[in-house]
Amino acid sequence: MGRLAGFSGPCPYPEDRVVDSTMEAAADLQDTASLTLKFEFNPKLGIDNPVLSLAEDHNPSDLWSLERPRFCLLSKEEGRSFGFNLQQELGKASHVVCRVEPGSSAQEQGLQEGDRILAVNNHVVEHEDAEVVLRIQASGPRVLLTVLAQHVYDVARAQYGNDVLLCPTLSPGVRPRLCHIVKDEGGFGFSVTHEHQGSFRLVLSTGGAAERAGVPPGARLLEVNGVSVEKFTHNQLSRKLWQSGEQVTLLVAGPDVEEQCRQLGMPLAAPLAEAWALPAKPRCLHLEKGPQGFGFLLREEKGLGGHLGQFLWEVDPGLPAERAGMQDGDRLVAVAGESVEGLGHEETVYRIRAQGSRVSLTVVDPEADHFFSMVRLSPLLFLESTEAPASAQDTRSASLVETKDSPVEDTAVSPVPCGSHQCFLYPGPGGGYGLRLSYVASGPCLFISQVIQGGSAARAGLQRGDVILEVNGNSVDGLNDLEMLQQLTEAEPPLCLKLVTRFP
C-alpha cells in the first residue's frame, strides 16, 4: 500500500484548467468584451434554430469561426479512445473539454480544450448532468458532438439569458436513414447516378425493394454496409454493391435532410440516422428476481473480432431471465440504459447487482451483434424506446443481490450524476489497488501518475493522468491532501474515488 502515495511528476493538466477554469473563462470574457452579438434569422431553419453570430460590425467575416457552434464527428477503433476528457463546472449542469490528446480523433476533428458540449448526436445536453457522459458512452464507435468555445458561450448567455437556443438541431423527423434492402426479382430496386467522385444519388424503381425499405426519393448515398462512399469511384461502388450479395444496408439522406444539414453546417453523420426495416435490433429485458434467482450466467469471453465481451449463458427454463426473453449467447451491451462496452467482468457484475431485485438489461443476439459491428454503430442508438439513458441517480441501489455469476472481488465502477466517474476499488491479492497517486501542492492537483497493468485500477478503466476530485467522499481542496494520502494506507476497502471523466 505504500506505493499508493507517491508525490512525483508534474500535474498533467495546466493548473488554471483543472483548478480554476472560472478565472480562465473570465479572462477570455474580457477579450471578447468589444464584440457585438447578434442573431441572423433564417426562416428556413425555424424560430427554434437561430444562428448565433459573433462578429465586429465593421467586418463580420473576420470572426466567422466564432459565429456558431461547431460539429465534431469523432470515431474510434476497438480498444481505443476518442481522445478527450470532460470536466464539469461545480454547481453547474455543463461539461467542458479539459484535455485533447495529440493525434487523437478529437484533435483531428477540431475539438479544443475549453469547448463546451451543447449536443450529442443532435440531442441537446446543454443543461443536463450525467446525460452527456451516458450519451457519449452509448454512441459506440462514432459520435457527433456540437460544441461552442466556452468564452463565446458565456458572452451569449450573459446577453440573451437561458431562453435562447444556442445549439442548432435538425427538425423532428429530419434524419439520415439507415435502410436494409433485400433483393427481390427486381434486384435492389434502385440505380445510381454519379455526379462526381463520392457523390451518388439513387433513382428508385416504383414499388421496388429500396422504396419498400424506406429509401426516400432522390436520396444521396452516404455509406454501404458501414463504409463511406465519399472517396469511391462509380466502379468501386458497383463492386461494393455486387459484393453485398442478396442484401445490403445503406445510409442515405433525402434532399430535405441534405438542405437542412447544409444550412446548419452539420455533417451528414451516421450517428444521426433513424432505422428503417433493419434485420436485427437490440432487446430490452426487464427481470424481477424470483425465489430461485434470475436464472442466468454472465461470462466474459471473446466475441466478434476476438474482442472480450460479456455474454449470457445457461438461461434456466421457467425462471425470470427466460421469461423476459433472454437467450443463450446474447451479448450484454447495457445495464439500466448505461453502456457496459469495454468494462471488465467484475465491473459489469457490480452494475447488475447494484440494481437490486429488478434489473433492466439491453442485449443483442449474435445476428444483431454482427450487423451493428458491420455498420459501425452502437445498437443503443436504435432502441425502440426513445428515452435517454437513465442517470445513475435513478438506477443505482445500495442493496446487493446474488446472481449466477462470479462475485465482485476487485473493482466496481458506476457513473455519478456530475460528469465524472465514481470508482470503488477493492485490493488485489497483494493488498494493493494497482495505482500510484501524485500530488502537486501549487495546484492543488491530485492525479493518477501510474496504473499497474492487470491491477484493480486498470480493470476499473482508470488511466494515467486522471484527476482525482474526491477520495472517500472528501473533496480534494488542497488543504489536507498530504494528510489524506497518508491515511489511504489505513482506509478500509473499498477505496472510493471520484475523478474527471476519461472516455474508454
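What counts, and at which threshold
Residues numbered from 1 in each chain as written. Predicted model: local features only at pLDDT ≥ 70, side-chain atom pairs only at ≥ 80, totals over all residues. Heavy atoms only, no water. Helix = DSSP H or I, 4+ residues; strand = E, 2+ residues; numbered from the N terminus. Contact = heavy atoms within 4.5 Å. pLDDT = per-residue confidence, 0-100. Pairing = 2+ DSSP bridges. Polar contact = N/O pair within 3.5 Å; in protein donor to acceptor, adjacent residues only side chain to side chain. Salt bridge = Lys/Arg side-chain N within 4 Å of Asp/Glu carboxyl O. Buried < 20%, exposed > 50% of the residue type's maximum accessible area, 1.4 Å probe, protein only.

## Overview of the overall build of the chain
Check the secondary structure of the chain and you find 14 helices and 28 strands. Pairs at least 24 apart in sequence give 66% of the contacts found in the chain among residues at least 6 apart.

## Brief notes about the confidence of the model for the chain
Taken as a whole, the chain shows an average pLDDT of 74; of its residues, 70% reach a score of 70 or greater. Below a pLDDT of 50 lies the segment residues 385–419, which in the model reaches 119 contacts outside its immediate sequence neighbourhood of four places, other chains included.

## Overview of the pairing of strand β26 (residues 468–471)
Where β26 and strand β27 (residues 474–475) come together, two bridges link them in antiparallel fashion. Within β27, the residue paired with Val471 across the bridge is Asn474. Remark: two residues form the turn of the hairpin made by β26 and β27, two consecutive strands paired antiparallel; Asn472 in that turn has positive phi of roughly 50°.

## Examining the side chain of Ser339
Mapped onto the elements of the fold, Ser339 is located in strand β20 (residues 338–339). A polar contact is formed between the side chain of Ser339 and the backbone nitrogen of Glu341, at a distance of 3.2 Å. Those residues in contact with Ser339, other than ones at most four positions away along the chain, are Gln137, Ala138, Val333, Ala334, Arg351 and Leu380.

## Points about the pattern of salt bridges
A complete count under the given rule lists 13 salt bridges for this structure. In this structure, the salt-bridge partner of Arg212 is Asp184, at a minimum N-O distance of 2.9 Å. On the criterion of sequence distance, the pair formed by Arg212 in helix α6 (residues 209–212) and Asp184 in the loop between β9 (177–182) and β10 (190–196) is long-range, its members being 28 residues apart. When the shortest N-O distance is used, the salt bridge between Arg331 and Glu341 registers 3.0 Å. Here Arg331 is found in strand β19 (residues 331–335), whereas its partner Glu341 is found in the loop between β20 and α10 (345–353), with ten residues between them in sequence. For Arg331, a relative accessible area of 13% puts it in the buried group.

## Quick word on the environment of Asp365
Here Asp365 shows up in the loop between β21 (358–364) and α11 (366–375). Separated by 35 residues in the primary sequence, Asp365 and Asp330 place their C-alpha atoms 4.5 Å from one another. Residues within four places of Asp365 in sequence aside, it is in contact with Arg283 and Asp330.

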